[in-house]
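Here is how the chains run, residue by residue.
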Amino acid sequence: SGRALGLRPSAWRSWIEGVADGGPLHVDAPVNASMATFFGLELRSGAVAFVLDASGSMRTRLDPLGTAAAPTTTGATRFDRAREELLSALGRAPEPVWFEVLLFESGVRRFADAPRRGTAEGIAELAAWLRTQEPEGGTDLGGALEALWP
């Protein structure tokens, strides 16, 4: 969102309701080209959790411009795009960050039992694991958030 919403659920709920009512998804601030980004959001912390949608809808193939506006039967999927963004963000971080990765669908899949360091080795292990993951099932974001913050 680009906003400092903190850990209070009420602040996040208010932001989500505002977006649902037509408010901006994120603050239109310039992105620092030297910062690692994930879909345009700067990674501004030494520790980050990535919670990625791995539901069946993420099998949708994207057109050559990377949008699902005109899905095709060939090319990268939404999940492929998310996977690329994740690995790119970790690889561009100025210093290795601590990271966690959870995939959600009808259930939750976790990359590791504890946060990992974003070293070349850690990113390579994540890339190998992500290559084995395929989108399937429903969409249970709540389960992933509960797994992240029990």
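Scroll up to find the structure.
Residues numbered from 1 in each chain as written. Predicted model: local features only at pLDDT ≥ 70, side-chain atom pairs only at ≥ 80, totals over all residues. Heavy atoms only, no water.

A. Structural view of a nonpolar patch on the surface. The grouping of L141, L145 and W149 at the surface amounts to a nonpolar patch, some 310 Å² of accessible area in total. Its location among the elements puts W149 in the segment after α4 (141-148). (Patch = residues over 30% accessible without salt bridge, like charges linked within 9 Å, V, L, I, M, F, W, Y side chains within 5 Å. Areas by Shrake-Rupley, 256 points an atom, 1.4 Å probe, with all protein chains shown as cover. Salt bridge = Lys/Arg side-chain N within 4 Å of Asp/Glu carboxyl O. Helix = DSSP H or I, 4+ residues; strand = E, 2+ residues; numbered from the N terminus.)

B. Main features of the side chain of R109. Position of R109 relative to the elements: it lies in strand β5 (residues 108-110). Among the polar contacts listed, one links the side chain of R109 to the side chain of E105, at a separation of 3.1 Å. Ignoring any residue separated from it by four or fewer positions in sequence, one finds R109 in contact with A54, V101, L102, L103, W129, Q133, E134, P135 and E136. (Polar contact = N/O pair within 3.5 Å; in protein donor to acceptor, adjacent residues only side chain to side chain. Contact = heavy atoms within 4.5 Å.)

C. Summary view of the packing of aromatic side chains. According to the stated counting rule, one finds four aromatic pairs in the structure shown. Centroid distance F38 to F50: 5.1 Å. Interplanar angle 70°. Geometry classified as edge-to-face. Remark: F50 occurs in strand β3 (residues 47-53) and F38 occurs in strand β1 (residues 37-38); sequence separation between them is 12 residues. Look at F111 and W129: their rings are 5.6 Å apart centre to centre, the planes differ by 55°, and that puts the pair in the tilted class. Residue F111 is found in the loop between β5 and β6 (116-117), and its partner W129 is found in helix α3 (residues 120-131); the two are separated by 18 residues along the sequence. Under the relative-accessibility criterion, F111 is labelled buried at 14%. Using a relative accessible area of 17% as the deciding quantity, one classes W129 as buried. One aromatic cluster in this structure is built from F38, F39 and F50. (Phe/Tyr/Trp six-rings, centres within 6.5 Å; stacked < 30°, edge-to-face > 60°. Buried < 20%, exposed > 50% of the residue type's maximum accessible area, 1.4 Å probe, protein only.)

D. Main features of the nonpolar core. Counting residues in each nonpolar core, the largest one holds 23 residues, and the members touching the most others are F50, L86, L90, V101, L103 and L126. Of all the elements in the fold, those that place two or more residues in this core are β3, α2 (78-92), β4 (98-104) and α3. Residues contacting F50, with those up to four places away along its chain left out, are F38, L43, L86, L90, F99, E100, V101 and L102. (Core = buried A, V, L, I, M, F, W, Y, C linked by side-chain atoms within 4.5 Å.)

E. Focus on the pattern of salt bridges. Using the criterion set out here, one finds six salt bridges in the structure. Between E85 and R81 there is a salt bridge; the shortest N-O distance is 2.7 Å. Highlighted residues: E85 and R81, both in helix α2, separated by four residues, approximately one helical turn. For R81, a relative accessible area of 32% translates into the label partly exposed.

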